[in-house]
Amino acid sequence: MLNRRITFARIPRGLPVPEDFSRDAVEVARPAAGQFLSRTLWLSLDPYLRNVMKGHPLYGVPLRPGDAMYGETVAEVVQSLHPAFSAGEFVVVKNGWQEYALSDGQGVRKVDPKLAPLSTALGVLGMPGLTGYAGLVYLAEPRPGETVVVSAATGPVGSTVGQVARLVGARAVGIAGSDEKCRYAVEELGFEACVNYRSGDLRELLKQACPAGIDVYFDNVGGDVLAAALGNLSIHARIVLCGMVGAYSMDSPPPGPFLGPVVTARATVRGLVVYDHLQRLPELQRVVGRWINEGRFRYREDVTEGLENAPAAFCRLMRGENFGKSLVRVAPASG
Ligand code: NAP
């Protein structure tokens, strides 16, 4: 049996292109004692993979040309010589961009397909959801009536931030890259307002959307968007620096934003690394899972069919053309 893989070919220059990836097919490996073999069902495409491709030390994943691309997946155990995993179970495991992989069970968590669609374990009820939920609730501590602004507002992190803000009684204002995304944020996700940063002077647009200033700014983008938000802070604002997607595809770092207003507003800037909050994953699943079941919380997925289309889909994500949690459907679940 063959295992089709998308491999890392080279470090992209600027925005990734399909030629930065390659493909091959190798024999499916057999598990040794203490291992299991799983079949990839869903592959998560995330902006941080662009940093993995340039060997950023945060991730500790030294990719060499010819290695299967790195990535988190939902997979079905097909053969197990591991005491804690049995065939037929579903797991979140870093199989990477390939159809089959072995695991020793480290860092693997099981998912119950009865609780929620399997794909949500990579999005709203997984790492990006936890990033938005834990980052907002525990780092920004939003209070009822406050204005919470989030960039990349319709992505899995941003849409969680905005909806959690709304559900704890704050006023959610999004920043997104198109009128269509902004309409979705307001009409579907319940943001009070959403500004399209391509439609004018963002600092001015934010001023109009947040007349009392920004109490919490959750930054997913960095650069000029962060600078525009910094120009609208209210006193004692809290800022969560979550991601800098705008810079991931730059070959040299952009000039830093002017951080003077942070000082003037006595704001607190805190870095967020989701892995510090892994113990809160059950809470995310309980709280947001219930909201989803009650129809009070929505999520959106941008699904690409077939592993072979993963490179193009990833490139689309990195160009900002995805709309919702970017996923690849690698294979249907059995049964
Ligand atoms: P996502 O929103 O689906 O990410 C892509 C979006 O970023 C695009 O759709 C685009 O939306 C926006 N974007 C803005 N400027 C861009 C640019 N120059 N190039 C490409 N895209 C641009 O992704 P996500 O998974 O929810 O992640 C959002 C942010 O959180 C990312 O920065 C990610 O790295 C970060 N993150 C951090 C942690 C952590 O532990 N700190 C964990 C997970 C994710 P618009 O059109 O609306 O601008």
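The structure this text deals with has already been given above.
On a predicted model such as this, the values are computed, not experimentally measured, just so you know.

Participant: I keep staring at the overall build of the protein and nothing clicks. Help me out?
Facilitator: Scanning the protein from terminus to terminus reveals 10 helices and 15 strands. Against the 2.2 N^0.38 benchmark of 20 Å for 335 residues, the protein shows a C-alpha radius of gyration of 20 Å, consistent with a compact globule. At a minimum sequence separation of 6, the contacts of the protein that also span at least 24 residues come to 68%. Accessible area for the protein stands at about 15,000 Å²; split by element, carbon and sulfur atoms hold 53% of it. Mean positive and mean negative side-chain charge positions of the protein (35 and 33 charges, respectively) differ by 2 Å.

Participant: Would you take a moment to explain the packing of aromatic side chains for this structure?
Facilitator: The geometry of an aromatic ring pair is captured by the separation of the ring centres together with the interplanar angle, meaning the angle of the planes. Summed over the entire model, instances satisfying the criterion amount to seven aromatic pairs. Judged by centre distance (4.6 Å) and plane angle (40°), the ring pair of Phe36 and Phe85 falls under tilted. Here Phe36 is found in strand β3 (residues 36-44), whereas its partner Phe85 is found in the loop between β4 (73-80) and β5 (90-93), with 49 residues between them in sequence. Neither residue differs from the other here; Phe36 and Phe85 are each classed as buried. Aromatic pair Tyr184 and Phe323: ring centres 5.4 Å apart, planes at 85°, arrangement edge-to-face.

Participant: Just checking my understanding: could you explain the nonpolar core for this structure?
Facilitator: Counting residues in hydrophobic clusters, the biggest one holds 62 residues, and the most contacted among them are Phe21, Leu43, Leu45, Trp97, Leu136, Val288 and Phe314. If one sorts the elements of this core by residue count, helix α2 (residues 127-140) sits on top with seven residues. For Leu136, the contacting residues outside a window of four places in its chain are Thr131, Glu141, Pro142, Val148, Val161, Val164, Ala165, Val216 and Phe218.

Participant: Looking at this structure, how should I read the side chain of Asp219?
Facilitator: Secondary-structure assignment places Asp219 in strand β11 (residues 214-219). In this structure, Asp219 is buried with no salt-bridge partner, the nearest side chain bearing the opposite charge being Arg198 at 14 Å. At 2.9 Å, the side chain of Asp219 and the backbone nitrogen of Gly222 are in polar contact. Once residues lying within four places of it in the same chain are set aside, the contact partners of Asp219 are Ser151, Leu226, Val240, Leu241, Cys242, Gly243 and Met244.

Participant: Looking at this structure, I do not really get the pattern of salt bridges. What am I missing?
Facilitator: Side chains bearing opposite charge may pair, as long as their charged atoms lie close to each other. Scanning the entire structure with this criterion turns up 18 salt bridges. When the shortest N-O distance is used, the salt bridge between Arg296 and Glu294 registers 3.2 Å. For Glu294, a relative accessible area of 43% puts it in the partly exposed group.

Participant: Can you walk me through the site of the ligand in this structure?
Facilitator: Close contacts around the ligand come from 26 residues, with Lys181, Tyr197, Asn220, Tyr248 and Leu272 the closest. In this structure, Cys242 approaches the ligand through a main-chain N or O atom, which is 2.9 Å from a nitrogen atom. Here the ligand has 910 Å² of accessible area as a free molecule, and 88% of this is covered by the chains. Elements supplying a minimum of two residues to the shell around the ligand: α2, α3 (156-167), α7 (245-248) and α10 (310-318). For the shell around the ligand, the leading source of residues is α7, giving three residues. Considered class by class, the residues forming the shell around the ligand number 17 nonpolar, eight polar and one charged.

Participant: Explain the layout of surface pockets to me, please; I cannot follow it from the model alone.
Facilitator: A probe as big as a water molecule, rolled over the atoms, marks out the empty space that is left. By volume, the second largest pocket is sized at about 320 Å³. Along the walls of the second largest pocket sit 16 residues, with Asp112, Leu115, Ala116, Leu125 and Gln285 positioned nearest its centre. The set of elements that each furnish at least two residues to the lining of the second largest pocket consists of β7 (109-111) and α9 (281-293). Per-element tally for the lining of the second largest pocket: the top contributor is α9, with four residues. Its residues placed into classes, the lining of the second largest pocket shows nine nonpolar, four polar and three charged.

Here is what the cut-offs are and how they apply
- Each chain has its residues counted from 1, following the order in which its sequence is written.
- Per-residue local features are limited, in this predicted model, to residues with pLDDT of at least 70; the limit for side-chain atom pairs, both in listing and counting, is 80 or more; totals at the level of whole chains, interfaces and linings are taken over all residues.
- Where side-chain values are given, they derive from all heavy atoms of the structure, hydrogens and water being excluded.
- Strands here mean DSSP runs of E at least two residues long; helices mean DSSP runs of H or I at least four residues long; both are numbered from the N terminus.
- Our radius of gyration looks at C-alpha atoms and nothing else; its globule reference is 2.2 Å times the residue count to the power 0.38.
- By definition in these notes, contact holds between two residues if any of their heavy atoms fall within 4.5 Å.
- Throughout, the Shrake-Rupley method with a 1.4 Å probe supplies accessible areas, and for residues the shown protein chains are the sole cover considered.
- Charge counting follows a simple rule: Lys and Arg are positive, Asp and Glu are negative, and His as well as the terminal groups are ignored.
- Working definition for charges: the position is that of NZ of Lys, CZ of Arg, CG of Asp or CD of Glu.
- Pairing of aromatic side chains here covers Phe, Tyr and the six-membered ring of Trp, requires ring centres within 6.5 Å, and sorts the geometry by plane angle: under 30 degrees stacked, over 60 edge-to-face, intermediate tilted.
- Exposed residues in this analysis have more than 50% of their type's maximum accessible area, buried residues have under 20%, and partly exposed residues fall in between, with area computed by a 1.4 Å probe over protein chains only.
- We define the nonpolar core as a collection of buried residues of types Ala, Val, Leu, Ile, Met, Phe, Trp, Tyr and Cys that are connected through side-chain atoms lying within 4.5 Å of one another.
- What counts as a salt bridge is simple: a side-chain nitrogen of Lys or Arg found within 4 Å of a carboxyl oxygen of Asp or Glu.
- We define a polar contact as two N or O atoms separated by no more than 3.5 Å, with the added condition that, inside protein, one atom must be a possible hydrogen donor and the other a possible acceptor, whereas residues neighbouring each other in sequence contribute only through side-chain atom pairs.
- Proximity criterion: a residue is near a molecule or strand once any of its heavy atoms comes within 4 Å of it.
- Note that Gly is not counted as nonpolar here; it falls among the polar residues with everything else outside the nonpolar set of Ala, Val, Leu, Ile, Met, Phe, Trp, Tyr, Cys and Pro and the charged set of Asp, Glu, Lys and Arg.
- The method works on a 1 Å grid over the protein atoms by themselves. A cavity is a set of points holding a 1.4 Å probe that cannot get out, a pocket is an open set with protein on both sides within 12 Å along at least five of seven lines, and residues with an atom within 4 Å of a point line them.
- Grid points are joined across faces, edges and corners, and a volume is the space filled by probe spheres set on the points.

Without other data, these values stay purely geometric and don't point to any function.
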